[in-house]
Amino acid sequence: MTFPLISIPKRVVYVDDKGSFLEVLRKTMPRHHAREFISSPLDAVERLSMEGMYWRDLERLLSVAETEGNERTGFATRLIESYFGNWSRFHLTSVLIVDYAMPGLSGLELIKKLSAWPGRRILLTGEADAQVAISAFNAGLIQKFIPKSTPNLYRALTSGYEEMHQTVCEHLGHLIRPTLTPEQRDILHRPAVVEGLRQKVEDLDWSEYVLIARPFGLLGMRHDGPLQWLQLETRESLGSLAEILTADGFAQLDIRQVQDGHFLANAELHQELALPGQPQLADAELIAEGPDLYAAVFDLANLPVLSSKVYGIDDIMSPMEEMRSLVRDLVVEHQRGVDDGELDVAMDDGDEDLSRPGSDAVLSPPTSRPAHDVTGFDAVLQRLATTVAQSEMHRHALTLVLAERSVPPAVNAYVQAVLAVQQAK
Amino acid sequence: MLEHDLADDYVTDDWDKSSYLPEWLSSISHLGVKALVVLGPNPFGAPGDREVFTVYPRQHTDAAVMLCRSDAYGAAWRASKSPLVGWSNLATLEPSPAGWPDRFKSAGLASFVRVEMPLPMDRAFECFVFCDEEITDRSKAAELSYAMMSTWPVLKEAVTSAKLEISERERESLVAAADGLTAKQTADRMNCTERTVTHHWGNVMRKTRTPNRVAAVLRVTLFGLI
């Protein structure tokens, strides 16, 4: 397990000539990142090829070697000017999910036309296409194939593209690696540090970040901003930070607090970005032990950066919005089931006894359903379970949603069961 | 009249805080000196950019700004290898569209001596001392120049420190940079961490508004700070 040095905003493109299937995907696949659904393979080739320029710009930006104190401005300044302030990063598709069987241009033919596009490719295949997919995989054309008949298509797709997105980010991160000091490289490989940083990024609900070697830390932002600076210090570097604060005339009391790992100060970033006023102190948190890594968060307001929300990617939802949407779908599906007489009538009486499949069964839908049918009560409930499993923030959002709206008791029972399963883990 | 905000763009010094100027002027008042104007390079500008470093008494601020903005002396004068020292009576000057001679005349001044103090990179300080009587022979001008030159080191410190102030540690780090040391070597010399060295350098780049270390070293050299 590694910690990618950059995490670009996630963007997934689905291509299938069957509009109905795309529509199902649009309704059901997670919405906390940008998505695009394209029904014409040729359109897809055109759109993805256009990204080439943006990818090259990003690679250039990340490849510029750092110089030790020769320039007044460094990587942080360049990132803010050319990356966080730039809309083109929202047009970087990290994962393409394409159907194999399409008339005109097949999924593989489409992929062959994208030789210069650096994202990862997932091929959706029918029963008869397995051999084609395997040879495409061996030829390096695709990185994964998923049969459409997979029992749990939703989960296969989400875990598939999450993994692919991670790979894309790790690859981009290699461009930043040369700027790291040997000590930084070493510490970023330690499992405790990887876990601590992952957790911190999740807690901050960042949809993107970039690691900077000098000053050491992460610039990142949520989908609705603002830009934040997560400054990182090791036990050893606290002393050098204190030395800088002494040179900058900080109070002795504050300097001692920094030395002891209670506060961090953003003196270097403040200087580089020529921020107004004095450098700030923020509470430090020990995010990993042995080796010790301290982190503190600073909001960087009033910088010319562009969040995905401001840019207007309206498909993106926060955990709260996503949970609202899922609970709403769940209630609708439940009502439809009641109308069709499909669901146990007892549930409608407010009977909270779970006579229907228990929370474990929920994770694998009945085989009688068409495999790619990702709608229906069970399917929505399963999406809810997968989404809730993403983070503590999603679980918290779900409890808030349950408090803000009325939910039929039967539905509530299922949702509580899902939450209980998560808490048990 | 020039608007005051315009004057403020050119006059950025803090001479009010320095008790040295009135003292300095009274020390040569027996020579009939009534006013002093020092023009110097804009620390952050191109070679030709000059600004008013000092004007005393302050009632001559507008006239000094007019002189500063005119094409009198300055970069072109230096480029033509003109003398470092010279004197003129305001009455005999060609009428200037910049209007500064008239402005000084109407304030009761009659003549001035100009002494140039060269700096690296085509820059210079230009000191003008104004008298209320016309200068009729060279010996008076020589005496005034002598007085200026002999007190210049002290005067210079008073007029430059207000423009650019760097700490002792920052100065040491720049000397090391000028000696060609790397951050690591500088850290060893200064007995501190490399991180602090780059921070010192960054501070000076920010103060001198320069984009890199070489330019920062040159800027502080310009002012004789290292």
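See the structure above.
For clarity, every value in this text was computed on a predicted model and none was experimentally measured.

Basis of the calculations
- Residues numbered from 1 in each chain as written.
- Chains lettered and ligands numbered in written order.
- Predicted model: local features only at pLDDT ≥ 70, side-chain atom pairs only at ≥ 80, totals over all residues.
- Heavy atoms only, no water.
- Axes fitted to C-alpha atoms, helices over the stretch in contact; angles between N-to-C directions.
- Helix = DSSP H or I, 4+ residues; strand = E, 2+ residues; numbered from the N terminus.
- Parallel < 35°, antiparallel > 145°, perpendicular 65-115°, else oblique.
- Left-handed = near helix turned anticlockwise from the far one by under 90°.
- Contact = heavy atoms within 4.5 Å.
- Nonpolar A, V, L, I, M, F, W, Y, C, P; charged D, E, K, R; others polar.
- Pairing = 2+ DSSP bridges.
- Salt bridge = Lys/Arg side-chain N within 4 Å of Asp/Glu carboxyl O.
- Buried < 20%, exposed > 50% of the residue type's maximum accessible area, 1.4 Å probe, protein only.
- Core = buried A, V, L, I, M, F, W, Y, C linked by side-chain atoms within 4.5 Å.
- Right-handed = clockwise from strand over helix to strand, strands pointing away.
- Patch = residues over 30% accessible without salt bridge, like charges linked within 9 Å, V, L, I, M, F, W, Y side chains within 5 Å.
- Areas by Shrake-Rupley, 256 points an atom, 1.4 Å probe, with all protein chains shown as cover.
- Disulfide = S-S within 2.5 Å.
- Arc of directions from axis to C-beta.
- Phe/Tyr/Trp six-rings, centres within 6.5 Å; stacked < 30°, edge-to-face > 60°.
- Lys NZ or Arg CZ within 6 Å of the ring centre and 35° of its normal.
- Buried area = accessible area lost by both parts, 1.4 Å probe.
- Polar contact = N/O pair within 3.5 Å; in protein donor to acceptor, adjacent residues only side chain to side chain.

Undergrad: Looking at this model, I keep getting lost on the packing of helix α10 (residues 237-247) of chain A against helix α9 (residues 194-208) of chain B. Mind explaining?
TA: Helix packing for two helices is described by the angle between their axes and how far apart those axes are. Axis separation between α10(A) and α9(B) bottoms out at 9 Å; the angle between their running directions is 30°. Comparing the axis directions of α10(A) and α9(B) gives the class roughly parallel. The way α10(A) lies across α9(B) gives a crossing that is right-handed. On the side of α10(A), the interface is formed by A:Ser237, A:Ser240, A:Leu241, A:Glu243, A:Ile244 and A:Ala247, while α9(B) contributes B:Arg195, B:Thr196, B:His199 and B:His200. Considering only residue class, the contact of α10(A) with α9(B) consists of three nonpolar, five polar and two charged.

Undergrad: Help me understand the sheet that holds strand β2 (residues 50-56) of chain B in this model?
TA: Each strand in a sheet pairs with another by means of backbone hydrogen bonds, the pair being arranged parallel or else antiparallel. All names here are of chain B. The five strands lie next to each other as β2-β1-β5-β4-β3, forming an open sheet whose pairing is antiparallel. Looking at strand neighbours, the two that pair on one side only are β2 and β3 (85-89), the edges of this open sheet. Neighbouring strand axes in the sheet, compared pairwise and without regard to direction, differ in orientation by 20° on average. For β3 and strand β4 (residues 111-119), the ladder comprises five bridges, and the chain directions are antiparallel. Bridging across to β4, Gly 86 finds its partner in Arg 114. Packed onto the sheet, helix α3 (residues 61-69) meets β1 (33-41), β2 and β5 (123-131) and runs at close to 155° relative to β2.

Undergrad: Sorry if this is basic, but what is going on with the pattern of salt bridges here?
TA: Residue and element names in this part refer to chain A. With the rule as written, the count across this model stands at 33 salt bridges over all chains. Between Lys 148 and Asp 99 there is a salt bridge, with the nearest N and O atoms lying 3.3 Å from each other. Here Lys 148, found in the loop between β6 (144-147) and α7 (153-176), pairs with Asp 99, found in strand β4 (residues 95-99); they are 49 residues apart in sequence, far enough to count as distant. When its relative accessible area of 14% is taken as the criterion, Lys 148 is described as buried. A residue is classified by how much of its surface remains accessible, and Asp 99, at 2% relative accessible area, is buried. Close ionic contact of Arg 336 with Glu 333 constitutes a salt bridge, the shortest N to O distance being 3.2 Å. Placement of the pair is Arg 336 and Glu 333 together in helix α14 (residues 319-340), with a separation of three residues, close to one helical turn. Take Arg 336: its relative accessible area is 42%, and that puts it in the partly exposed class. Salt bridges sharing common partners tie together Asp 16, Asp 17, Lys 18, Asp 99 and Lys 148.

Undergrad: When you look at helix α4 (residues 75-84) of chain A in this model, what are you seeing that I'm missing?
TA: Within α4(A), seven of the 10 residues are buried, leaving the element largely enclosed by the surrounding structure. A:Phe75, A:Ala76, A:Thr77, A:Leu79, A:Ile80, A:Tyr83 and A:Phe84 are the residues of α4(A) that are buried.

Undergrad: How should the nonpolar core be read in this particular structure?
TA: Across soluble globular proteins, nonpolar side chains show a tendency to be buried alongside one another. Core analysis: the biggest nonpolar cluster contains 86 residues, and A:Ile8, A:Leu96, A:Leu110 and A:Leu219 have the highest contact counts within it. In contact with A:Ile8, not counting residues within four places along its chain, are A:Trp55, A:Leu58, A:Tyr83, A:Leu92, A:Ser94, A:His165, A:Val168, A:Cys169, A:Leu172, A:Ser207 and A:Glu208.

Undergrad: What is the right way to read the pairing of strand β3 (residues 34-38) of chain A from this model?
TA: Across a regular strand the side chains alternate sides, sitting on one face of the sheet and then on the other. Residue and element names in this part refer to chain A. Most of β3 is tucked away: five of the five residues are buried. With burial as the criterion, each face of β3 is covered, one bearing Ala 34, Glu 36 and Ile 38 and the other bearing Arg 35 and Phe 37. Two elements, strand β2 (residues 11-15) and β3, share five bridges in a ladder whose sense is parallel. Residue Val 15 lies in a different strand from β3, and its bridge partner there is Ile 38. Each parallel crossover has a hand, and the one from β2 via helix α1 (residues 19-28) to β3 is right-handed.

Undergrad: Explain a nonpolar patch on the surface here, please?
TA: All names here are of chain B. Residues Met 121, Val 214 and Leu 218 make up a contiguous nonpolar surface patch of roughly 250 Å² in combined accessible area. Structurally, the position occupied by Met 121 is in the loop between β4 and β5. Here Met 121 falls in the partly exposed class, since its relative accessible area comes to 33%.

Undergrad: Help me understand the state of the cysteines, please; the structure alone is not making it clear to me.
TA: Note on terminology: a disulfide is the covalent bond linking the sulfur atoms of two cysteines. Residues and elements named next belong to chain B. For the structure shown, the criterion picks out zero disulfides over all chains. Of all cysteine sulfurs in the structure, the one in Cys 127 sits closest to Cys 68, which takes part in no disulfide; the separation is 13 Å. Cys 68 gets classed as buried once you look at its relative accessible area, which sits at 4%. Among the cysteines around Cys 131, which has no disulfide bond, Cys 127 carries the closest sulfur, lying 14 Å off.

Undergrad: What is the right way to read helix α8 (residues 183-190) of chain B from this model?
TA: Along an α-helix, residues three or four positions apart point the same way, because every turn accommodates 3.6 residues. All names here are of chain B. All of the buried residues along α8 are Ala 183, Thr 186, Ala 187 and Met 190. Buried residues of α8, seen end-on, are gathered within an arc of 100° and therefore sit on one face of the element. Positive backbone phi, approximately 55°, marks Asn 191, located one or two places after α8.

Undergrad: Would you explain the packing of aromatic side chains in this entry?
TA: Within the structure shown, the criterion is met by 19 aromatic pairs over all chains. Consider the rings of A:Phe3 and A:Tyr209, whose centres lie 5.2 Å apart with planes at 5°: the pair is stacked. One end of the pair, A:Phe3, is in the segment before β1 (6-7); the other, A:Tyr209, is in strand β7 (residues 208-212), and 206 residues separate them in sequence. Relative accessible area serves as the criterion here: at 4%, A:Phe3 is assigned to the buried category. Pairing A:Tyr83 with A:Phe84 gives two aromatic rings, centres 5.1 Å apart and planes at 85°, and the pair type is edge-to-face. When sorted by exposure, A:Tyr83 lands in the same class as A:Phe84, which is buried. Taken together, the ring pairs in this structure connect B:Tyr73, B:Trp77, B:Trp100, B:Phe104, B:Phe112, B:Phe128 and B:Phe130 into an aromatic cluster. Over the ring of A:Phe21 we find A:Lys148, and its NZ or CZ is 4.5 Å from the ring centre. Above the plane of the ring of B:Trp201 lies B:Arg213, whose end atom (NZ or CZ) is 4.1 Å from the centre.

Undergrad: Is there a simple way to explain the interface of chain B and chain A in this structure?
TA: Put simply, an interface is often sized by how much accessible area is lost when its parts join up. Across the boundary between the two partners, chain B contributes 20 residues, which contact 21 residues of chain A. Across the interface of chain B and chain A, roughly 1600 Å² is buried in total on both sides, 42% from carbon and sulfur atoms. Of all residues in chain B, the largest losses of buried area upon contact with chain A belong to B:Arg195, B:His199 and B:Arg206, amounting jointly to 45% of the total for that side. Joining chain B to chain A, the criterion identifies two salt bridges. Here A:Glu233 makes a salt bridge to B:Arg195, at a shortest N to O gap of 2.7 Å. Scanning the region where chain B abuts chain A turns up 14 residue pairs in polar contact (both at pLDDT 80 or more). Mapped onto the side of chain B that touches chain A, the elements with two or more residues apiece are α8 and α9 of chain B. Sorting elements by how many residues they give to the side of chain B that touches chain A places α9(B) first, with 11 residues. For the side of chain B that touches chain A, a count of residues per class yields five nonpolar, 10 polar and five charged.

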